[in-house]
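# Residue-level structural notes
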Amino acid sequence: MSRFSKITSRKGTRSVKWDYAEELYQDKEVLPMWVADMDFEAPEAVIKALQHRVEHGIFGYTMPDDLLKDQINSWLKKRHDWEIENEWITYSPGVIPSLHMIVQALTEKDDSIIIQTPVYPPFYSVIKDHGRKLVENPLNYIDEYYSINFEDFEEKIKKNNVKLFILCNPHNPVGRVWTKDELQKMSDICLRHGVKIISDEIHADLIFDQRAHIPIASLSKETNDQVITLMSPTKTFNLAGLQASYLVTANEELRQTVKKQFDNQGIFMLNTLGMTAMEAAYSEGEEWLEELLQTLEANRDYVVEKFHSETSSIRVVPTEGTYLLWLDCRALNLTHTELKSFMQKQAKVGLNDGGSFGEEGQGFMRINIAAPHELIENGVNRIIEAVQKLKLPS
Ligand SMILES: Cc1ncc(COP(=O)(O)O)c(C=O)c1O
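Residues numbered from 1 in each chain as written. Predicted model: local features only at pLDDT ≥ 70, side-chain atom pairs only at ≥ 80, totals over all residues. Heavy atoms only, no water.

Okay, the pairing of strand β4 (residues 133-136) next. Here strand β3 (residues 112-115) pairs with β4 via 4 bridges, running parallel. Looking at β4, one finds that Ser 112 is bridged to Lys 133. Read from β3 through helix α5 (residues 122-128) to β4, the crossover connection turns out right-handed. (Pairing = 2+ DSSP bridges. Helix = DSSP H or I, 4+ residues; strand = E, 2+ residues; numbered from the N terminus. Right-handed = clockwise from strand over helix to strand, strands pointing away.)

What follows covers the domain arrangement of the chain. By a widely used convention, the size of an interface equals the accessible area lost when the partners come together. Along its sequence, the chain is carved into domain 1 (19-43 + 286-391) and domain 2 (59-284). For domain 1 versus domain 2, the distance between C-alpha centres works out to 26 Å. Every contact between the two is made by 35 residues of domain 1 and, on the other side, 37 residues of domain 2. Summed over both partners, the interface of domain 1 with domain 2 buries about 3100 Å², with 55% contributed by carbon and sulfur atoms. Taken together, the connections running from domain 1 to domain 2 amount to 7 salt bridges. A salt bridge links Asp 209 to Arg 300, with the nearest nitrogen and oxygen atoms 2.9 Å apart. At the junction of domain 1 with domain 2, the criterion picks out 21 residue pairs in polar contact (both at pLDDT 80 or more). If you list the elements that add at least two residues to the side of domain 1 that touches domain 2, you get α11 (286-310), β12 (324-328) and β15 (364-368). (Domains from an automatic or database assignment. Contact = heavy atoms within 4.5 Å. Buried area = accessible area lost by both parts, 1.4 Å probe. Salt bridge = Lys/Arg side-chain N within 4 Å of Asp/Glu carboxyl O. Polar contact = N/O pair within 3.5 Å; in protein donor to acceptor, adjacent residues only side chain to side chain.)

In this structure, the largest pocket spans a volume of roughly 1100 Å³. Lining the largest pocket we find 46 residues, and of these Ala 36, Asp 37, Leu 239, Ala 240 and Gly 241 sit closest to its centre. For the lining of the largest pocket, the residue count by class is 23 nonpolar, 15 polar and 8 charged. (1 Å grid on protein atoms, 1.4 Å probe; cavity = no way out; pocket = protein on both sides within 12 Å on 5 of 7 lines; lining within 4 Å. Points joined across faces, edges and corners; volume = space filled by probe spheres on them. Nonpolar A, V, L, I, M, F, W, Y, C, P; charged D, E, K, R; others polar.)

The UniProt feature table records "domain: Aminotransferase class I/classII large" (unreviewed entry) at residues 35-383. The span residues 35-383 is 42% helical and 16% strand by assignment, and the distance between its end C-alpha atoms comes to 18 Å. (UniProt positions renumbered as here; feature names shortened; annotations may be inferred.)

Moving on to the sheet that holds strand β2 (residues 89-92). Within a sheet, adjacent strands bond to each other through the backbone by hydrogen bonds, running parallel or antiparallel. Read across the open sheet, the 7 strands follow the order β2-β10-β9-β8-β7-β3-β4; overall the sheet is mixed. The sheet is open, and its two edges are formed by β2 and β4, each paired on a single side. Pairs of neighbouring strands in the sheet enclose a mean axial angle of 25°, with direction left out of account. The pairing of β2 with strand β10 (residues 245-249) spans 4 bridges and is antiparallel. Bridging across to β10, Thr 90 finds its partner in Leu 247. (Axes fitted to C-alpha atoms, helices over the stretch in contact; angles between N-to-C directions.)

See the structure below:
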């Protein structure tokens, strides 16, 4: 049996996806296919390294050393052909905390920040919670393909005197891996108008079909100077509960400004076990990752094939990266509230509400395919059977 077909029960582990699902969906029967972590065990090398560290028995204050930075550095070079300097790295417990820190450090109250919608829900809250002005650049969705409306992007930046752009690459939830050309256009516009870029690249390692993930900061020296890149091994290796991530900032002034914000909030350390896991994952996890990518591609192909051959009412938006599929359910002809209730009560699957990603997500749902095939098959069958019942004349 492959390590990716093994079903490991997560119930009773305080798992958000499994244990909290019961409270959220108010139904024990609902199969959770929502929050973005995986139902796979982490790489054996990570588990071993953690066991070894736990056996030591002392968990006092711990600090990251140069070795960890070397490992991050060579991972980025090897996987993304991105050459960075170790001093550009700053640690953070997570990408969301980093987003909050950066927004506070680089903008003032009422400053405008632009995002491309529909997008990961915390992008909205990190702007609104700090009294900044939210500016939306909705993605185009034409012939089941998402792309960027560059004219609108530049217009909105000019009109609102935008200070910061939060980019999501690969994009959650629409699954686009932005091309060099698209990134270059976004970068050119931002450079023209003095807009700094926060690039959330947490899904960077989860890229399909031999595509390349291009860190926007790697485009040129000028762009690198304006970008803070947020990365982490937590999505890639299923370590989200260990809370260990990092920022890459070439611009010294920008880096010190953000670092000061972290210091002022008392955040200047990494979780001991998170550090151990990051080191093991980056130094020994590559083979596991290659196998994971094949598993995810197979799950994706299965879900697309199954939906498209058995119902015309749900279209799976083609995904280029991330293990999150964006389901266009508008042909079911349900209101968005009815759609959510249909998935939960009739199909008995726990999906992410498309509407939580923004107005453009009405009529869409997000499904997580990072689970053993058996669970994915079970979930997809539940949806198809419920759709078929819905379509039968009463
Ligand atoms: C785009 C994106 N950014 C950030 C996060 C969360 O990052 P963290 O757990 O490091 O705060 C997620 C998790 O789903 C995500 O999809």
